[in-house]
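# Fold and geometry: a report
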Amino acid sequence: VEALKVSRAGYPQRYSHEEFMRRYWLLSKSHNMEEDDINGMVGIIAEQLQDKDAGSNGSELDLMGLGIQIGKSKVFLQRAAFDKMEYLRGVKLRDPIVKIQKFCRMWLQRKQYVYVTEMVVVIQKYCRRYMAQRKVQKIVESKSMSQNVESKVIVIQKYWRRYVAQRKVQKIAESKLMSQEVEPKVIVIQK
């Protein structure tokens, strides 16, 4: 019967002191206070809930105006106060989760970045290796081609020198023959 009276009076949310402290300790954890100081905890939470635009200059907290009542064994909350407290609790719970997610995403992205950069280096290594092999192959081909050309040049030089030497011998022989016609001497060419 008393619960119906409290609920009708506009306080649908009721928590025992222990349950209230367990549920909303996040909202007051930055302040130093005793573990079982429910009045101090409600005061700290009420300061956070107090609407600064409502004209209250923070001199004295109006728990009734905020929708909070402290009983002997329970804390009673109106819907508006409960919604604000749940919002603040959600923000306090969400911030560490977002931080953890941020660091996990950073770690995963870093891991992927390191993997991709290592793979880029591997691909570059194989490309450079292929290009170096092609360059060596072209050099070897050009050397073999130049050796081929050199051997052909040597053959041409050999035949040219032979031709020049034959021409000299032929000129010498012709000049000797002409000189023999003028002076009859016999030249014997031995083989």
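Residues numbered from 1 in each chain as written. Predicted model: local features only at pLDDT ≥ 70, side-chain atom pairs only at ≥ 80, totals over all residues. Heavy atoms only, no water.

### Let's talk about the overall build of the protein chain
- The helix and strand tally for the protein chain stands at 5 helices and 3 strands.
- Order of helices (α) and strands (β) in the protein chain, N terminus to C terminus: α-β-α-α-α-β-β-α.
- A separation threshold of at least 6 residues defines the contact pool for the protein chain, and within that pool the share at least 24 residues apart is 53%. (Helix = DSSP H or I, 4+ residues; strand = E, 2+ residues; numbered from the N terminus. Contact = heavy atoms within 4.5 Å.)

### Brief notes about the sheet that holds strand β3 (residues 74-77)
- Reading across from one edge, β1-β3-β2 is the order of the 3 strands in this open sheet, with antiparallel pairing throughout. The open sheet is flanked by β1 (13-16) and β2 (68-70), the only strands paired with a single partner. Sheet twist, expressed as the average angle between the axes of neighbouring strands with direction ignored, equals 15 degrees.
- Two strands pair when backbone bridges link them, and β1 and β3 are joined in this way by 4 bridges, in the antiparallel orientation. From the neighbouring strand, Gln13 faces β3, where its bridge partner is Leu77.
- Set on the sheet, helix α2 (residues 17-24) makes contact with β1, β2 and β3; between it and β1 the angle comes to about 100 degrees. (Pairing = 2+ DSSP bridges. Axes fitted to C-alpha atoms, helices over the stretch in contact; angles between N-to-C directions.)

### Quick notes on the packing of α2 against helix α3 (residues 38-49)
- Their axes nearest at 11 Å, the elements α2 and α3 cross at an angle of 40 degrees. In terms of axis orientation, α2 runs oblique to α3. The hand of the α2/α3 crossing is left-handed. Note on element contacts: α3 touches α2 through Ile38, Met41, Val42 and Ile45, opposite His17, Phe20, Met21 and Tyr24.
- Here the residues of the contact of α2 with α3 are counted per class, giving 7 nonpolar, 1 polar and no charged. (Parallel < 35°, antiparallel > 145°, perpendicular 65-115°, else oblique. Left-handed = near helix turned anticlockwise from the far one by under 90°. Nonpolar A, V, L, I, M, F, W, Y, C, P; charged D, E, K, R; others polar.)

### A word on the nonpolar core
- If you look at the biggest cluster of nonpolar residues, it comprises 18 residues, and the most contacted ones within it are Phe20, Tyr24, Ile45, Ile68, Leu77 and Met85.
- Secondary-structure elements contributing two or more residues to this core are α2, α3, β3 and α5 (79-182).
- Sorting elements by how many residues they give to this core places α3 first, with 6 residues.
- Setting aside its immediate chain neighbours within four residues, Phe20 contacts Tyr15, Ile38, Met41, Val42, Ile45, Val75, Leu77 and Met85. (Core = buried A, V, L, I, M, F, W, Y, C linked by side-chain atoms within 4.5 Å. Buried < 20%, exposed > 50% of the residue type's maximum accessible area, 1.4 Å probe, protein only.)

### Describing the environment of Gly67
- As for its position among the elements, Gly67 is in the loop between α4 (63-66) and β2.
- For the pair Gly67 and Ala46, spaced 21 residues apart in sequence, the C-alpha separation works out to 9.4 Å.

### Observations regarding the pattern of salt bridges
- Overall, the coordinates contain 3 salt bridges when judged by the stated rule.
- Put simply, Arg23 and Glu86 hold a salt bridge, and the shortest N to O gap is 2.9 Å. Remark: Glu86 occurs in helix α5 and Arg23 occurs in helix α2; sequence separation between them is 63 residues.
- On the basis of relative accessibility, which here comes to 28%, the residue Arg23 falls in the partly exposed class.
- A salt bridge links Arg89 to Glu86, with the shortest nitrogen-to-oxygen separation between them at 3.7 Å. Here Arg89 and its partner Glu86 are both found in helix α5, 3 residues apart, which amounts to about one turn of the helix. (Salt bridge = Lys/Arg side-chain N within 4 Å of Asp/Glu carboxyl O.)

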